[in-house]
Amino acid sequence: MRIVTGDDIRSVCSWPFAVEALRAGHLLAPAELKDSLVENSGRKMLVRSAWIAGLASGVKAVTIYPDNPSHVPPRPSVQGQVLLFDEAQGHVVAVLEGVDLTAWKTAGDSALGSSCLSRLDVRTMLMVGAGSMARPLIDAHRTVRPSLDRVLVWNRNRGRAGALVRSLEADGIASEVVNDLDMAVSRSDLICSATMSTEPLIRGDALRPGTHVDLVGAYTPLMREADDAALTRGRLFVDSYATTVGHIGELMIPMASGLISKADIQGDMHDLVQARAGRGSTDEITVFKNGGGAHLDVMIAHAVYLALEGR
């Protein structure tokens, strides 16, 4: 059994590597998924398992302690590990650092969705939110769409938005902090949102034709990042029916009101990768909900394990 640290993961991972690992995984049959959540005084333990026939199986176990960053010294709010099992014989082949793996699979998932849905000539990206996932999402999206040459950043905390812009500019990426979110939405070809908002931030009436919207942040039944108009103006896609429908407020709330139904979802990542669904025209607005899932962790973990073993 191999112990894989965050440094090990970074030594073999790149955005092309992560995106292609996810693309290859979605050429196989859909994974069998199972989740379990335990809560205690606001703290949580989440265990997610996935079995991908012909590839691997795995379990991701993480704790979520919201107060950890406020401690002295601060600790991450999310901590955990991924167990990777040999699919043929059932033994554990590796234990991988879960937090590091999560960034690669989350941003890689969004980038793969963009590679299937966003226009080839996108120029301006709007990043809504400036938390820990913002930079990985920007880098991943720019990898699959190198035409992106400007990044707008909106965040409720202007200081965090400014810090992100400075880090982008230090790497030669033209960027700016924006205060008017509707105006920024109307200027953007690709919009990525990674917040913990319970109120919609992205208004569909502000979207211009041809925009691709990547919704990452809303991951509980009470959270939403896009309003009703955004969901009805655009063609809606998800990374996985199993981790989005009935689990995430972005879909649950408008479904409960009768605004949309499961039939309005045009396809999942398997459909996109296997070209059974996709963008219909250059003027079409596409909306992609990134719901995550242990199957994505298994795809990345398996690719990382093989790369390390092949050295």
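Residues numbered from 1 in each chain as written. Predicted model: local features only at pLDDT ≥ 70, side-chain atom pairs only at ≥ 80, totals over all residues. Heavy atoms only, no water.

Asker: Sorry, what's going on with helix 11 (residues 294–309) here?
Answerer: Note: α-helices contain 3.6 residues per turn, so residues at a spacing of three or four share the same orientation. Across its 16 residues, helix 11 extends 22 Å between first and last C-alpha, which sits within 8% of the 22 Å expected from 1.5 Å per residue. Of all 16 residues in helix 11, 13 are buried, a share of seventy percent or more. (Helix = DSSP H or I, 4+ residues; strand = E, 2+ residues; numbered from the N terminus. Expected span 1.5 Å × (residues − 1). Buried < 20%, exposed > 50% of the residue type's maximum accessible area, 1.4 Å probe, protein only.)

Asker: I tried to follow the pairing of strand 2 (residues 32–40) on my own but got confused; where do I start?
Answerer: Side-chain positions along a regular strand alternate between the two faces of the sheet. Relative to strand 3 (residues 43–52), strand 2 runs antiparallel, the two being bridged by nine bridges. What sits directly across from V38, in strand 3, is M45. Here strand 2 folds back onto strand 3 in antiparallel fashion, the turn holding two residues, of which S41 has a positive phi close to 55°. (Pairing = 2+ DSSP bridges.)

Asker: Please explain the packing of helix 4 (residues 134–144) against helix 5 (residues 158–170) as it appears in this structure.
Answerer: Two numbers describe a pair of packed helices, the interaxial angle and the distance between the axes. Across the interface, helix 4 lies against helix 5 with an axial gap of 11 Å and an inter-helix angle of 40°. Compared by their axis directions, helix 4 and helix 5 come out oblique. In this structure, the crossing between helix 4 and helix 5 has a hand that is right-handed. Where helix 4 abuts helix 5, its residues A134, R135 and I138 lie against L164, S167 and L168. In terms of residue class, the contact of helix 4 with helix 5 is made up of four nonpolar, one polar and one charged. (Axes fitted to C-alpha atoms, helices over the stretch in contact; angles between N-to-C directions. Parallel < 35°, antiparallel > 145°, perpendicular 65-115°, else oblique. Left-handed = near helix turned anticlockwise from the far one by under 90°. Contact = heavy atoms within 4.5 Å. Nonpolar A, V, L, I, M, F, W, Y, C, P; charged D, E, K, R; others polar.)

Asker: Which parts of the structure should I look at to understand the sheet that holds strand 12 (residues 235–238)?
Answerer: Adjacent strands of a sheet pair through backbone hydrogen bonds, lying either parallel or antiparallel. Read across the sheet, seven strands follow the order 9-8-7-10-11-13-12 without closing on themselves; strand pairing throughout is parallel. Looking at strand neighbours, the two that pair on one side only are strand 9 (175–177) and strand 12, the edges of this open sheet. Going across the sheet, the axis of each strand differs from the next one's by a mean of 15°, ignoring polarity. Here four bridges tie strand 12 to strand 13 (residues 286–289), and the two strands are oriented parallel to one another. Looking across to strand 13, one finds that V238 is bridged to K289. Where helix 3 (residues 98–117) meets the sheet, its contacts fall on strand 10 (190–193), strand 11 (212–215), strand 12 and strand 13, and the angle it forms with strand 13 comes to roughly 155°. In the packing of helix 4 onto the sheet, contacts are made with strand 7 (124–128), strand 8 (150–154), strand 10 and strand 11, and the angle to strand 7 comes to roughly 160°.

Asker: Explain the pattern of salt bridges to me, please; I cannot follow it from the model alone.
Answerer: Side chains bearing opposite charge may pair, as long as their charged atoms lie close to each other. For the coordinates displayed, the defined rule picks out 21 salt bridges. The partner of R203 in a salt bridge is D182, and the shortest N-O contact between them spans 2.9 Å. Residue R203 is found in the loop between strand 10 and strand 11, and its partner D182 is found in helix 6 (residues 181–187); the two are separated by 21 residues along the sequence. When the shortest N-O distance is used, the salt bridge between R224 and D228 registers 3.0 Å. Looking at D228, the relative accessible area reads 32%, which means it is partly exposed. Several salt bridges converge on common partners, so that one network encompasses R119, D121, D189 and R208. (Salt bridge = Lys/Arg side-chain N within 4 Å of Asp/Glu carboxyl O.)

Asker: Would you mind going over the nonpolar core with me for this structure?
Answerer: The tendency in soluble globular proteins is for nonpolar side chains to be buried as a group. Residues L84, L96, M127, I300 and V304 are the most contacted members of the largest nonpolar core, which totals 61 residues. It is helix 11 that provides the largest number of residues to this core, a total of 10 residues. Counting residues in each nonpolar core, the second largest holds 25 residues, with L126, L231, L236 and V287 among its members. (Core = buried A, V, L, I, M, F, W, Y, C linked by side-chain atoms within 4.5 Å.)

Asker: Whenever I open this one, the sheet that holds strand 3 confuses me. Can you help?
Answerer: Taking strand neighbours across the sheet as the criterion, the six strands line up as 1-6-5-4-3-2 in an open arrangement whose pairing is mixed. Both edges of this open sheet fall to strand 1 (2–4) and strand 2, since each of them pairs with a single strand only. Taking each pair of neighbouring strands and ignoring which way they run, the sheet shows an average axis angle of 15°. With five bridges joining them, strand 5 (residues 78–86) and strand 6 (residues 92–97) adopt antiparallel strand pairing. Bridge pairing in strand 6 places V82 opposite L96. Strands strand 4 (56–64), strand 5 and strand 6 of the sheet are contacted by helix 3, whose axis makes an angle of about 80° with strand 5.

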